[in-house]
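An overview of the molecular structure
Letter by letter, the chains look like this.
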Amino acid sequence: MKSGIKTLIGAALLAGGMTSASAITTVAGINFQDNAFADTVLSSSGTYTLGGAATLQNAVTGPSLTKYAFSFSSGAYIQAGFTDNYLVNGAGNDLALFEFGVPDTFAVSLTVGGVTHTYLSADTGFSSTIGGSSFEVNVAEINLDDFGVGAGAELSSIVIGMDIQGGGGTVPSLGVIGALNSADLTAAVPDAGSTISLLGMAFLGLGMFKINLLKRNV
Ligand SMILES: [Ca+2]
Ligand SMILES: [Ca+2]
């Protein structure tokens, strides 16, 4: 029984090691884990102009800098969700929002209608061609400490306010939402599985023990 448990723990450690070796995707010179990008739009407000994408969700999910969405609607926001990873409050900045052209300001909150902080994007020095036009790529980096989130806290969504107009009358043109600090959702699966297996073995052991006792009594 003891050797069986050791084997299970060994397998769990192996699975963990394989997960941490996940590949890196670089966006405008910034490294991310492959799955660190927003995966879905959970909700939104406003009318959007899209570039390089057919839907709002396509425009703001994944790592590609060849698409964007912007809105001049008052109160426009996008609630972006992470389905195969968590956004984590790790060391330093945790979230990167990429947008194009003139640097613009995002309003970020953790929930719809929650406390908002604003972040002005800055030129990355990279450019991207979208629809035949070349745009400067800007990034705004956000530290979840700003929201009083505890160290190591894991979030599965973020709300991005899109309606702040800059001095030139421009608004942010969001293209990529990436978790600089990201936790792999799938990493928890082998751990949970091995925990259940260990529990199962423990119950099995108890059951066998009871059967033995019964046999002795007979
Ligand atoms: Ca993801
Ligand atoms: Ca942080």
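Residues numbered from 1 in each chain as written. Chains lettered and ligands numbered in written order. Predicted model: local features only at pLDDT ≥ 70, side-chain atom pairs only at ≥ 80, totals over all residues.

1. Brief notes about the overall build of the chain
Within the chain one finds three helices and 16 strands. Sequence-distant contacts, at least 24 apart, represent 74% of the contacts inside the chain between residues at least 6 apart. (Helix = DSSP H or I, 4+ residues; strand = E, 2+ residues; numbered from the N terminus. Contact = placed C-beta atoms within 7 Å.)

2. Let's talk about the sheet that holds strand β7 (residues 85-88)
One key point about sheets: their strands pair by backbone hydrogen bonds, in either a parallel or an antiparallel sense. Reading across the sheet, the three strands line up as β13-β7-β16 and stay open at both edges, with antiparallel pairing between neighbours. Only two strands of the sheet have a single neighbouring strand rather than two, namely β13 (154-155) and β16 (182-184). The pairing of β7 with β16 spans three bridges and is antiparallel. Within β16, the residue paired with Y86 across the bridge is A183. (Pairing = 2+ DSSP bridges.)

3. Topic: the pairing of strand β6 (residues 77-81)
When strand β3 (residues 40-45) meets β6, the two strands line up antiparallel, connected through five bridges. Looking at the pairing, V41 lines up with A80 of β6.

4. Concerning the nonpolar core
Residues V60, L97 and I160 are the most contacted members of the largest nonpolar core, which totals 47 residues. Here I160 is in contact with Y77, I78, A80, L97, F106, V108 and L174, once residues within four sequence places are set aside. (Core = buried A, V, L, I, M, F, W, Y, C linked by C-beta atoms within 7 Å. Buried ≥ 20, exposed ≤ 12 C-beta atoms within 10 Å, placed from the backbone.)

5. Description of the environment of M162
With respect to the element layout, M162 can be found in the loop between β14 (157-161) and β15 (174-179). For M162, a count of 27 C-beta atoms within 10 Å translates into the label buried. Spatially, the C-alpha atom of M162 lies 9.5 Å from that of D104, the residues being 58 residues apart in sequence. If we skip the residues at most four places from it in the chain, M162 touches G46, F70, S71, A76, Y77, I78, V171, P172 and L174.

6. As for the environment of V139
The topology assignment puts V139 in strand β12 (residues 133-142). Here the alpha-carbon distance between V139 and F98, two residues 41 residues apart in the chain, equals 4.4 Å. Discounting chain neighbours no more than four positions away, the residues touching V139 are A28, I30, A96, L97, F98, S121, A122 and T124.

7. Here we look at the sheet that holds strand β10 (residues 117-120)
Strand order in this open sheet of five strands is β3-β6-β14-β9-β10, and the pairing throughout is antiparallel. Both outer strands of the open sheet, β3 and β10, are each paired with one neighbouring strand and no more. When the angles between neighbouring strand axes are averaged without regard to direction, this sheet yields 25°. Pairing of strand β9 (residues 105-109) with β10, which is carried by four bridges, proceeds in the antiparallel orientation. Bridging from a neighbouring strand, F106 pairs with Y119 of β10. (Axes fitted to C-alpha atoms, helices over the stretch in contact; angles between N-to-C directions.)

8. Considering the environment of F37
Turning to its location among the elements, F37 is positioned in the loop between β2 (30-33) and β3. Residues F37 and G178, 141 residues apart in the sequence, show an inter-C-alpha distance of 4.3 Å. Setting aside anything within four residues of it in sequence, one finds F37 in contact with F32, T61, G62, P63, V176, I177 and G178.

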